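The residues making up each chain are set out below.
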Amino acid sequence: MFFTEILVRKLSSSVGISLVNSDEQTVDDLLKFADTAMYQAKKEGRNTTRFYQEQMDQWIKKRIFLENGLRHAIENNELELYYQPVIEIESQKIVGAEALLRWNHPELGIVMPDDMISIAEESGLIVPIGEWVLREACAQFVRWRCKQTSKVHLQRIAINVSAVQFRQSDFVDRVIRIVAETGIVPCMLELELTESTVIDKIDTVIDKMSRLRNAGISISMDDFGTGYSSLAYLKRLPFTTLKIDKSFVRDIMSDKDDAALVQTILSIASIFHLEVIAEGVEELDQYLFLRDHHCHYFQGYLCSKPVQVGSFEELLAHDIQRCQALY
Ligand code: C2E
Ligand code: MG
Ligand code: MG
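Residues numbered from 1 in each chain as written. Chains lettered and ligands numbered in written order. Predicted model: local features only at pLDDT ≥ 70, side-chain atom pairs only at ≥ 80, totals over all residues. Heavy atoms only, no water.

Another aspect to go through is the site of ligand 1. Taken together, 23 residues lie around ligand 1, and Arg 102, Asn 160, Asp 222, Glu 282 and Tyr 301 are the ones closest in. Within the backbone of Leu 101, an N or O atom sits 3.1 Å from a nitrogen atom of ligand 1. Lys 246 is positioned such that a nitrogen or oxygen atom in its side chain is 3.1 Å from an oxygen atom of ligand 1. Within the complex, the protein chains bury 85% of what would otherwise be the 800 Å² of accessible surface of ligand 1. Going through the elements one at a time, β5 (93-105) and β9 (218-224) are the ones with two or more residues in the shell around ligand 1. Considering each element in turn, the shell around ligand 1 owes the most residues, four residues, to β5. Looking at side-chain class alone, the shell around ligand 1 contains nine nonpolar, five polar and nine charged residues. (Near = heavy atom within 4 Å. Polar contact = N/O pair within 3.5 Å; in protein donor to acceptor, adjacent residues only side chain to side chain. Areas by Shrake-Rupley, 256 points an atom, 1.4 Å probe, with all protein chains shown as cover. Helix = DSSP H or I, 4+ residues; strand = E, 2+ residues; numbered from the N terminus. Nonpolar A, V, L, I, M, F, W, Y, C, P; charged D, E, K, R; others polar.)

What follows covers the coordination of the magnesium ion (ligand 3). Here the magnesium ion (ligand 3) is held by Asp 222 (OD), Asp 223 (OD), Glu 279 (OE) and Glu 279 (OE), and the distances to it run 2.0 to 2.5 Å. In primary sequence terms, the donor set of the magnesium ion (ligand 3) follows D-D-x55-E. Here the magnesium ion (ligand 3) and the magnesium ion (ligand 2) are spaced 4.1 Å apart, linked through Asp 222, which binds each one. One end of the pair, Asp 222, is in strand β9; the other, Glu 279, is in the loop between β11 (275-278) and α12 (284-292), with 57 residues separating them in the sequence. The same class applies to Asp 222 as to Glu 279, namely buried. (Donors = N, O, S within 2.8 Å, 3.2 Å for Na, K, Ca; no water. Buried < 20%, exposed > 50% of the residue type's maximum accessible area, 1.4 Å probe, protein only.)

Let us now look at the packing of aromatic side chains. One pass over the full model with this rule turns up six aromatic pairs. Geometrically, the ring pair formed by Tyr 287 and Phe 298 is edge-to-face, given 5.4 Å between the ring centres and 65° between the ring planes. One end of the pair, Tyr 287, is in helix α12; the other, Phe 298, is in strand β12 (residues 297-298), with 11 residues separating them in the sequence. Here Tyr 287 matches Phe 298 in class, with each residue buried. These aromatic residues form a ring-pair network of at least three members: Tyr 83, Trp 144 and Phe 312. Against the face of Tyr 297 rests Arg 156, its NZ or CZ located 4.9 Å from the ring centre. (Phe/Tyr/Trp six-rings, centres within 6.5 Å; stacked < 30°, edge-to-face > 60°. Lys NZ or Arg CZ within 6 Å of the ring centre and 35° of its normal.)

Attention now moves to the domain arrangement of the protein chain. Along its sequence, the protein chain is carved into domain 1 (2-54) and domain 2 (78-324). Averaged C-alpha coordinates put domain 1 and domain 2 at centres separated by 39 Å. (Domains from an automatic or database assignment.)

This next bit is on unusual backbone geometry. Unlike most non-glycine residues, Asp 223 shows phi in positive territory, near 55°. In this structure, Asp 223 sits in strand β9. Given a relative accessible area of 25%, Asp 223 falls into the partly exposed group. Positioned with a positive phi, His 273 is a non-glycine residue whose angle comes to about 55°. On the secondary structure map, His 273 appears in the loop between α11 (256-271) and β11. The class for His 273 is exposed, based on a relative accessible area of 72%.

Further remarks concern helix α4 (residues 126-147). End to end, α4 covers 31 Å across 22 residues, agreeing with the expected 32 Å (1.5 Å per residue, within 8%). For α4, the full list of buried residues reads Ile 126, Val 127, Ile 129, Gly 130, Glu 131, Val 133, Leu 134, Ala 137, Cys 138, Gln 140, Phe 141 and Trp 144. (Expected span 1.5 Å × (residues − 1).)

The protein atoms donating to the magnesium ion (ligand 2) are Glu 98 (OE), Asn 160 (OD1), Glu 192 (OE) and Asp 222 (OD), with metal-donor distances spanning 2.0 to 2.2 Å. All donors to the magnesium ion (ligand 2) come from one chain, and their sequence spacing reads E-x61-N-x31-E-x29-D. Classification of Glu 98 as buried rests on a relative accessible area of 4%.

The subject of this paragraph is the nonpolar core. Ile 159, Leu 189, Leu 191, Phe 239 and Phe 298 are the most contacted members of the largest nonpolar core, which has 82 residues in total. When residues of this core are assigned to their parent elements, the largest contribution, nine residues, is made by α4. (Core = buried A, V, L, I, M, F, W, Y, C linked by side-chain atoms within 4.5 Å.)

Another aspect to go through is the environment of Val 198. Tracing the backbone shows Val 198 in helix α7 (residues 195-198). Val 198 sits 173 residues away from Gln 25 along the chain, and the two C-alpha atoms are 45 Å apart. Contact partners of Val 198, with chain neighbours within four places excluded, come to Leu 193, Val 205, Met 209, Met 221, Tyr 233, Leu 237 and Phe 239. (Contact = heavy atoms within 4.5 Å.)

So, on to the packing of helix α1 (residues 27-43) against helix α2 (residues 56-71). Between α1 and α2, the least distance of the axes is 10 Å, while the angle of their chain directions is 75°. Taken as axis vectors, α1 and α2 run roughly perpendicular relative to one another. For the pair α1 and α2, the contacting residues are Thr 36, Ala 37, Tyr 39, Gln 40 and Lys 43 in the first and Met 56, Asp 57, Trp 59 and Ile 60 in the second. Residue composition of the contact of α1 with α2, grouped by class: five nonpolar, two polar and two charged. (Axes fitted to C-alpha atoms, helices over the stretch in contact; angles between N-to-C directions. Parallel < 35°, antiparallel > 145°, perpendicular 65-115°, else oblique.)

If you want it as structure tokens, here you go:
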């Protein structure tokens with residue numbers, strides 16, 4: 001007999017639904033389909049409902065394939081950090097770098113963060129991976145500083161921290177241990193947090209951030225303007241730097257609203273005594289706008305994409321570290 005029933009799988013507020021439409025389907029099949037639909041719902045931004053469709057199987061298989069690979073990526077030496085220069089606008093010099101994760105997958109080639117960070121977060125793998133990133137980037141920065149001549153001005157290494165990583169109860173202790181182990185000067189380390197990381201459990205967040213700041217470590221708010229944090233949060237949280245999201249910078253010359261937004265962010269930062277880094281600067285006009293409005297630093301393809309260690313060293317050595325595109 002042909003009949004239809006609904007099986008619903010729910011995790012937090014993402015709902016996956018599979019319909020029973022054949023006598024041959026077992027309960028296990030239905031649970032699997034509902035799980036698949038639930039993962040799809042989560043992928044599409046949570047708080048959503050999705051019905052199972054056959055093509056979702058492909059997606060879930062790829063996800064499991066990536067998760068299994070990621071489990072061994074550290075021990076197999078498949079993770080690599082690329083570095084993107086941070087340029088001080090006043091001096092036009094490279095004064096820092098942001099470490100950005102790449103996974104050299106044996107079959108797929110380079111896997112980008114957008115295709116792996118969420119898998120790493122959902123599986124908990126982001127904790128060992130994040131610790132590897134922190135140790136590797138700090139150690140690399142110390143090597144650069146040791147080689148540094150008086151003409152090189154590298155002062156800061158920025159590292160992205162996931163919300164899952166930050167919420168670990170021993171996160172601050174782990175960071176402080178890595179700082180001691182690698183010998184990095186704490187004020188040269190900048191941790192990047194996003195708004196979504198800091199809006200939950202504000203008192204615990206303030207406590208952790210204050211401990212990091214007391215240890216001398218800088219903290220920036222990444223992708224500023226894309227989340228929901230209010231000015232009241234900005235007042236309470238001990239950030240040192242705001243990073244203007246590249247989505248605002250992109251149309252700065254053609255969209256008056258974006259130009260006004262960037263100017264507003266720069267004013268807010270000035271009131272709160274925060275440094276500002278503009279992300280995603282690709283055009284000379286965007287750079288000139290930011291310079292004229294007293295933005296302190298920028299990152300973007302105008303100077304360089306994120307590059308491997310060797311290429312970053314070439315950028316540093318090149319003409320006493322000035323960003324070529326600017327003159
Ligand atoms: P993010 O921290 O905001 O990093 C900036 C992203 O913008 C990077 O993408 C960078 O390659 C890209 N970008 C830089 N300049 C330009 C430009 O001029 N134009 C355009 N269109 N893009 C530019 P990527 O490397 O793919 O990283 C994406 C995101 O993944 C990062 O955004 C960060 O949130 C996350 N991520 C990267 N590495 C790590 C990591 O080690 N740990 C964690 N937790 N997250 C990471
Ligand atoms: Mg970042
Ligand atoms: Mg960003």
